[in-house]
Amino acid sequence: MSEVEEKKEVEKAESNVVPVGMKVGSQRTVIAKGDEVIVVETCIKEKENPITGEKDYVIGNEAAELYGDEAVYMLRGGLPGDEEEAELLKIFLTNVAKQYEIPENTYVTYGIPSTEAEEGVNLFKKVISQVPIGWAGKEVWNDSFLAALALPEGLGMLDKTFVVVNLGSSTTDVVAVRKGEIVFSMVTGEVSGDLVDRWIKNEIMNLTRGAVNVDISTAREYKEKYANLKEWKSVKETVQLFEKGQFSFRLDEAVNKPVERYLDALVDFITLEFLPSLAEFNFKAYKVILESEFILTGGMAEIPGLKEKFATKLSEALGFGVKVRSPENPLTASARGALLISQLRVRRE
């Protein structure tokens, strides 16, 4: 091949680069490419092939549907905690890339949570270096910050000052941003979607005097289907147990009461821990940020009425009106924000 032909081949390869945004969450992984947004359960089930006897893997939504609580969610803290979890993540992402036809010649921007666990970040970076996508380039950003880019202003958010409250399944991440720079962040596992699932499970047991004991995945399904703080409608569930008979209970109470409890814990975390710590760390930033808008994102922000209830409770706690808004489809916002970064990189290159 001549030098001219070689140059043309390189230019052709560069022009075919596909920008991709990806948020690998502890509960769900979201992939954004072009106009397509894919949501996959971040889980895997190892099994043995009955014919060859070799290890086989079922991943994502199929693993969750077929195996329920037996499926392994390898990122309970938002990042791999050890080499074993990192290996499962590599298998998961490799299979996701193949299943959803993510080409190798991609530029991938990944969103990860705020963390002080350097080992988890290093393991994540090691994994993405081994997955056969992102050959044109890859980078890692804070997923809460990326979610803000999914607002109508897009990259214009880089000129603003705001707080992002990222309501994840295993953690809540609160990030203060000033003019495109993360000034301060705090993460807690004491306020999370997983906790709400456990509270729902316990609430159902209380309402049925211990007779009905649902698994966590069923509790989560109830939350995602029935949680509604905008219109609290009476919903009855009836369960027939073989020896104990039939039990009916108010499903709306079992779901919405834990969500209300979660909101109270969230407001306490922001007002009693995050804001005082920010004030101590950087008082000038604290004063500016306190008067800025709060952006609510993450899976729990999908619950109808939760944003409005949060705004009311936070305003009452602080003693003045707080502006709260959310990107459209908060669950996928981080991946869509990440896609913007990848598109920017591809255009520049």
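Above: the structure in question.
Residues numbered from 1 in each chain as written. Predicted model: local features only at pLDDT ≥ 70, side-chain atom pairs only at ≥ 80, totals over all residues. Heavy atoms only, no water.

Asker: Would you mind showing me how to read the packing of aromatic side chains here?
Answerer: Aromatic ring pairs: the centre-centre distance and the angle between the two ring planes describe each pair. Counted according to the given criterion, the structure contains six aromatic pairs. The interplanar angle of 45° and the centroid separation of 5.7 Å between the aromatic rings of Phe184 and Phe274 together place this pair among those described as tilted. One end of the pair, Phe184, is in strand β10 (residues 181–188); the other, Phe274, is in helix α8 (residues 251–281), and 90 residues separate them in sequence. With respect to burial, Phe184 and Phe274 carry one shared label: buried. Clustering of aromatic rings is evident, with ring pairs tying together Phe184, Phe274 and Phe281. In this arrangement the basic side chain of Arg261 is found over the ring face of Trp199, its NZ or CZ atom lying 3.8 Å from the centre. (Phe/Tyr/Trp six-rings, centres within 6.5 Å; stacked < 30°, edge-to-face > 60°. Helix = DSSP H or I, 4+ residues; strand = E, 2+ residues; numbered from the N terminus. Buried < 20%, exposed > 50% of the residue type's maximum accessible area, 1.4 Å probe, protein only. Lys NZ or Arg CZ within 6 Å of the ring centre and 35° of its normal.)

Asker: Sorry if this is basic, but what is going on with the sheet that holds strand β7 (residues 137–142) here?
Answerer: As a general point, the strands of a sheet are linked pairwise by backbone hydrogen bonds and lie either parallel or antiparallel. The five strands lie next to each other as β3-β2-β1-β6-β7, forming an open sheet whose pairing is mixed. Here the strands that pair on one side only, and so sit at the sheet edges, are β3 (36–41) and β7. With direction set aside, neighbouring strand axes in the sheet form an average angle of 20°. Where strand β2 (residues 28–33) meets β3, six bridges bridge the pair, whose relative direction is antiparallel. By the bridge assignment for β3, Arg28 is matched with Glu41. Across the sheet, helix α4 (residues 118–130) is in contact with β1 (18–24), β6 (106–112) and β7; its angle to β7 comes to roughly 155°. (Pairing = 2+ DSSP bridges. Axes fitted to C-alpha atoms, helices over the stretch in contact; angles between N-to-C directions. Contact = heavy atoms within 4.5 Å.)

Asker: What is the right way to look at the layout of surface pockets in this model?
Answerer: Vacant regions in the atomic arrangement are exposed by a probe of water-molecule size rolled over the atoms. Volume-wise, the largest pocket comes out at about 670 Å³. Taken together, 42 residues line the largest pocket, and the ones lying closest to its centre are Leu167, Gly298, Gly299, Met300 and Leu331. Top contributing element to the lining of the largest pocket by residue count: helix α7 (residues 216–226), with five residues. For the lining of the largest pocket, the per-class residue count stands at 12 nonpolar, 16 polar and 14 charged. For the second largest pocket, the calculated volume is near 410 Å³. Looking at the second largest pocket, it is lined by 19 residues, and the ones nearest its centre are Gln27, Glu41, Tyr73, Ser217 and Arg220. Elements represented by at least two residues in the lining of the second largest pocket include exactly α2 (60–67), α6 (193–207) and α7. No other element matches α7, which puts five residues into the lining of the second largest pocket. Of the residues contributing to the lining of the second largest pocket, the split by class is four nonpolar, four polar and 11 charged. (1 Å grid on protein atoms, 1.4 Å probe; cavity = no way out; pocket = protein on both sides within 12 Å on 5 of 7 lines; lining within 4 Å. Points joined across faces, edges and corners; volume = space filled by probe spheres on them. Nonpolar A, V, L, I, M, F, W, Y, C, P; charged D, E, K, R; others polar.)

Asker: What's the story with the packing of helix α3 (residues 83–99) against α4 in this structure? I'm lost.
Answerer: For any two helices packed against each other, one specifies the crossing angle of their axes together with the interaxial distance. Contact pair α3 / α4: the axes reach a minimum separation of 9 Å and the direction vectors enclose 35°. Like other packed secondary-structure pairs, α3 and α4 cross with a definite hand, here right-handed. For the pair formed by α3 and α4, the contact residues are Glu83, Ala86, Leu89, Lys90 and Leu93 on the first element and Leu123, Phe124, Lys126, Val127 and Gln130 on the second. Among the residues forming the contact of α3 with α4, the class breakdown is six nonpolar, one polar and three charged. (Left-handed = near helix turned anticlockwise from the far one by under 90°.)

Asker: Help me understand helix α11 (residues 333–348), please; the structure alone is not making it clear to me.
Answerer: Owing to its 3.6 residues per turn, the α-helix brings residues three or four apart onto one side. Between the first and last C-alpha of α11 there are 23 Å, a value that for 16 residues agrees with the 22 Å anticipated at 1.5 Å per step. Ala333, Ser334, Ala335, Gly337, Ala338, Leu339, Ile341, Ser342 and Leu344 are the residues of α11 that are buried. (Expected span 1.5 Å × (residues − 1).)

Asker: Honestly, the nonpolar core in this entry has me stumped. Any pointers?
Answerer: Note that soluble globular proteins tend to have their nonpolar side chains buried in a common cluster. In terms of nonpolar packing, the biggest core is built from 51 residues, with Val165, Leu167, Ile270, Phe274, Leu306 and Phe310 touching the most fellow members. At 14 residues, α8 tops the list of elements feeding residues into this core. When residues no more than four places from it in sequence are discounted, the contact partners of Leu167 are Thr172, Tyr262, Leu266, Leu296, Thr297, Gly298, Gly299, Met300, Ala301 and Leu306. Phe124, Val127, Val131 and Ile133 belong to the second largest nonpolar core, which has 30 residues in total. (Core = buried A, V, L, I, M, F, W, Y, C linked by side-chain atoms within 4.5 Å.)

Asker: Please clarify how the pattern of salt bridges should be interpreted in this entry.
Answerer: Under the definition given, this model contains 21 salt bridges. Among the ionic pairs, Arg325 bridges to Glu153, the shortest N-O distance being 2.6 Å. With Arg325 in strand β14 (residues 324–325) and Glu153 in the loop between α5 (143–148) and β8 (161–167), this pair connects stretches of sequence that are 172 residues apart. A salt bridge links Lys323 to Glu293, with the nearest nitrogen and oxygen atoms 3.6 Å apart. Remark: Glu293 occurs in strand β13 (residues 293–297) and Lys323 occurs in the loop between α10 (306–318) and β14; sequence separation between them is 30 residues. Relative accessible area serves as the criterion here: at 10%, Glu293 is assigned to the buried category. (Salt bridge = Lys/Arg side-chain N within 4 Å of Asp/Glu carboxyl O.)

Asker: Sorry if this is basic, but what is going on with the side chain of Thr188 here?
Answerer: Mapped onto the secondary structure, Thr188 falls in strand β10. Reaching out from Thr188, the side chain makes a polar contact with the backbone nitrogen of Glu190 at a distance of 2.9 Å. Look past the residues within four positions of Thr188 in its chain and what remains in contact with it is Thr171, Thr172 and Phe269. (Polar contact = N/O pair within 3.5 Å; in protein donor to acceptor, adjacent residues only side chain to side chain.)

Asker: Before we go on, may I ask you to explain the packing of α6 against α8 in this structure?
Answerer: Where α6 meets α8, the axes come as close as 8 Å, and the angle between the chain directions of the two elements is 135°. As far as their axial angle goes, α8 and α6 are oblique. You can see that α6 and α8 cross each other, and the crossing is right-handed. On the side of α6, the interface is formed by Gly193, Val196, Trp199, Ile200, Glu203, Ile204 and Leu207, while α8 contributes Glu253, Ala254, Val255, Lys257, Pro258, Val259, Arg261 and Tyr262. The residue inventory of the contact of α6 with α8, partitioned by class, reads 10 nonpolar, one polar and four charged. (Parallel < 35°, antiparallel > 145°, perpendicular 65-115°, else oblique.)

That is the geometry; function is a separate question.
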